Amino acid sequence: MAAKSEEQILRYSMLEDDPNSNSLFAEKERKPRWGPQHAGAKELASLYTKGKRIQEIISMLVAICLFIFNFVNLVKYFRVDNLYFIALSSIFGILTADFASGLVHWCADSWGSVQLPIIGKAFIRPFREHHIDPTSITRHDFIETNGDTFAVTIPFMLYSSYKFCYFTNDQIRDTYNWECYIFLLAIFVSMTNQFHKWSHTYFGLPWYIKLLQKYHIILPCKHHRIHHVAPHETYFCITTGWLNYTLEKIHFWTILEYLIEKATGYKPRDDDMKWAKKVD
Ligand SMILES: [Zn+2]
Ligand SMILES: [Zn+2]
């Protein structure tokens, strides 16, 4: 299969946004194909529970405390001759975060279902909701947007904190460069969904965010639209999107899906399709 060019996919995305187009999911009676009034979107939004909210608040508080503690220690043990590595590690940190965002996003979009115990409602539900109501993310507050990505960083930040507490000065010096990489990676991972939210926000963004998007330092709006073309099968990276073009070119996701389908018999995005076709 030939890789779709960015221009081609964008053209499809324009069609998808046209309410008069005969898209794959358009119902004869013109039920909403997407948006807050879509039956699936309403049901998914109602599954955001108080317990989940509490988990997000706790995760965020713990992660922020760990970020501050590790940052203070990184400053404390900073040496000027490390500057070069810090610059390098920030690039690798961004690339790793971008790849990780793609991998997690692809997993959640393509496999599993909202009915799965524990992770279904807590982690897969927001991905399903996002495809049928892409603007819902812009109505989520900071905690709902970023709770999960902050939570992911906790084990890594906890381990770094442990090292700063219990390692000797020499041991910390030996591991310092690695800790810089992990710290920057964690910062970009934790901010991934915020960058994603901004890529769906067309009005009222501060000028400096627009500037970061314009120069593709964070995920640009136009670039992310490519992912939002049904059946949502490419451009999964949502931190900066730097890796999307290359991964599409080498058919990375298609090959992975082919191998998984061959081994397990499961078809990618079955659950996602079900929610998209849902009617009242
Ligand atoms: Zn998606
Ligand atoms: Zn999106």
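Everything in this summary refers to the structure shown in the same document. (Residues numbered from 1 in each chain as written. Chains lettered and ligands numbered in written order. Predicted model: local features only at pLDDT ≥ 70, side-chain atom pairs only at ≥ 80, totals over all residues. Heavy atoms only, no water.)

A word on the overall build of the protein. Along the backbone of the protein there are 13 helices and 0 strands. Every one of the 280 residues in the protein was classed for burial, and the buried ones make up 46%. Across the protein, contacts joining residues at least 24 apart in sequence account for 70% of those joining residues at least 6 apart. Of the roughly 15400 Å² that the protein leaves accessible, carbon and sulfur atoms contribute 67%. (Helix = DSSP H or I, 4+ residues; strand = E, 2+ residues; numbered from the N terminus. Buried < 20%, exposed > 50% of the residue type's maximum accessible area, 1.4 Å probe, protein only. Contact = heavy atoms within 4.5 Å. Areas by Shrake-Rupley, 256 points an atom, 1.4 Å probe, with all protein chains shown as cover.)

Ideal geometry at a metal centre: 109.5 degrees between donors when four sit tetrahedrally, and 90 or 180 degrees when six sit octahedrally. Within the protein, His105 (NE2), Asp109 (OD), His131 (NE2) and His227 (NE2) serve as the donor atoms for the zinc ion (ligand 1), at 2.1 Å. In this structure, the zinc ion (ligand 1) is surrounded by 4 donor atoms whose angles at the metal cover 86 to 168°, and the resulting shape is irregular. Between consecutive donors of the zinc ion (ligand 1), the numbers of intervening residues give the motif H-x3-D-x21-H-x95-H. Pair noted here: histidine 105 is in helix 4 (residues 83–110) and histidine 131 is in helix 5 (residues 119–132), with a separation of 26 residues, a long-range link. Take histidine 105: its relative accessible area is 3%, and that puts it in the buried class. (Donors = N, O, S within 2.8 Å, 3.2 Å for Na, K, Ca; no water. Tetrahedral: all angles 85-135°; square planar, octahedral: opposite > 155°, others 65-115°.)

A word on the coordination of the zinc ion (ligand 2). Ligation of the zinc ion (ligand 2) by protein atoms is provided by His130 (NE2), His196 (NE2), His200 (NE2), His224 (NE2) and His228 (NE2), these donors lying 2.0 to 2.2 Å from the ion. Ordering the donors of the zinc ion (ligand 2) by residue number gives the pattern H-x65-H-x3-H-x23-H-x3-H. Residue histidine 130 is found in helix 5, and its partner histidine 200 is found in the loop between helix 8 (169–199) and helix 9 (207–214); the two are separated by 70 residues along the sequence. For the residue pair histidine 130 and histidine 200, the accessibility class agrees, reading buried in each case.

Attention now moves to the pattern of salt bridges. If you walk through the whole model with that rule in mind, you get 10 salt bridges. Of the charged contacts in the structure, one is a salt bridge between arginine 53 and aspartate 141, with a shortest N-O distance of 2.6 Å. Taken together, the residues arginine 53 in helix 3 (residues 50–76) and aspartate 141 in the loop between helix 6 (136–139) and helix 7 (142–166) connect sequence positions 88 residues apart. Classification of arginine 53 by relative accessible area gives partly exposed; the value is 24%. In this structure, glutamate 257 and arginine 269 form a salt bridge, with 2.9 Å as the shortest nitrogen-oxygen distance. Note that glutamate 257 is positioned in helix 12 (residues 252–264) and arginine 269 in the loop between helix 12 and helix 13 (270–276), a separation of 12 residues in sequence. Residue class for glutamate 257 comes out buried when judged on its relative accessible area of 7%. On the basis of relative accessible area, arginine 269 is assigned to the buried category, the value being 5%. Three or more residues joined by partner-sharing salt bridges are found here, namely Lys52, Glu56 and Asp148. (Salt bridge = Lys/Arg side-chain N within 4 Å of Asp/Glu carboxyl O.)

This part is about the layout of surface pockets. The volume enclosed by the largest pocket comes to roughly 830 Å³. Lining of the largest pocket is provided by 38 residues; of these, Val104, Phe127, Asp148, Thr149 and Val152 occupy positions nearest its centre. Counting residues per element, the ones that place at least two in the lining of the largest pocket are helix 3, helix 4, helix 5, helix 6, helix 7 and helix 8. (1 Å grid on protein atoms, 1.4 Å probe; cavity = no way out; pocket = protein on both sides within 12 Å on 5 of 7 lines; lining within 4 Å. Points joined across faces, edges and corners; volume = space filled by probe spheres on them.)

We now examine helix 4. Because an α-helix completes one turn every 3.6 residues, residues spaced three or four positions apart along the sequence face the same direction. Given a rise of 1.5 Å per residue, 28 residues ought to cover 40 Å, and the 40 Å separating the end C-alpha atoms of helix 4 matches this to within 8%. Every buried residue of helix 4 is accounted for by Ser89, Gly93, Ile94, Ala97, Asp98, Ser101, Gly102, His105, Trp106, Ala108, Asp109 and Ser110. On its buried side, helix 4 packs onto helix 5, helix 8, helix 12 and helix 13. Taken from the residues just after helix 4, glycine 112 is the one with a positive phi, measuring 75°. (Expected span 1.5 Å × (residues − 1).)

Structurally, isoleucine 187 can be placed in helix 8. On the basis of relative accessible area, isoleucine 187 is assigned to the partly exposed category, the value being 29%. Through-space distance from the C-alpha of isoleucine 187 to that of serine 90 is 9.9 Å; in sequence the pair is 97 residues apart.

Counted according to the given criterion, the structure contains 16 aromatic pairs. Ring centres 5.8 Å apart and planes at 65° place the aromatic pair phenylalanine 99 and phenylalanine 252 in the edge-to-face group. You can see phenylalanine 99 sitting in helix 4 and its partner phenylalanine 252 sitting in helix 12, a full 153 residues away along the chain. Taking the relative accessible area as the measure of exposure, phenylalanine 99 reaches 30% and is therefore partly exposed. Taking 6.2 Å as the distance between ring centres and 70° as the angle between the ring planes, the aromatic pair formed by phenylalanine 142 and phenylalanine 150 counts as edge-to-face. Relative accessible area serves as the criterion here: at 6%, phenylalanine 150 is assigned to the buried category. Here the aromatic residues Phe99, Trp106, Trp111, Phe236, Phe252 and Trp253 are joined through ring pairs into a cluster of three or more. A cation over an aromatic ring shows up here: lysine 52 above the ring of phenylalanine 123, its NZ or CZ 4.6 Å from the ring centre. (Phe/Tyr/Trp six-rings, centres within 6.5 Å; stacked < 30°, edge-to-face > 60°. Lys NZ or Arg CZ within 6 Å of the ring centre and 35° of its normal.)

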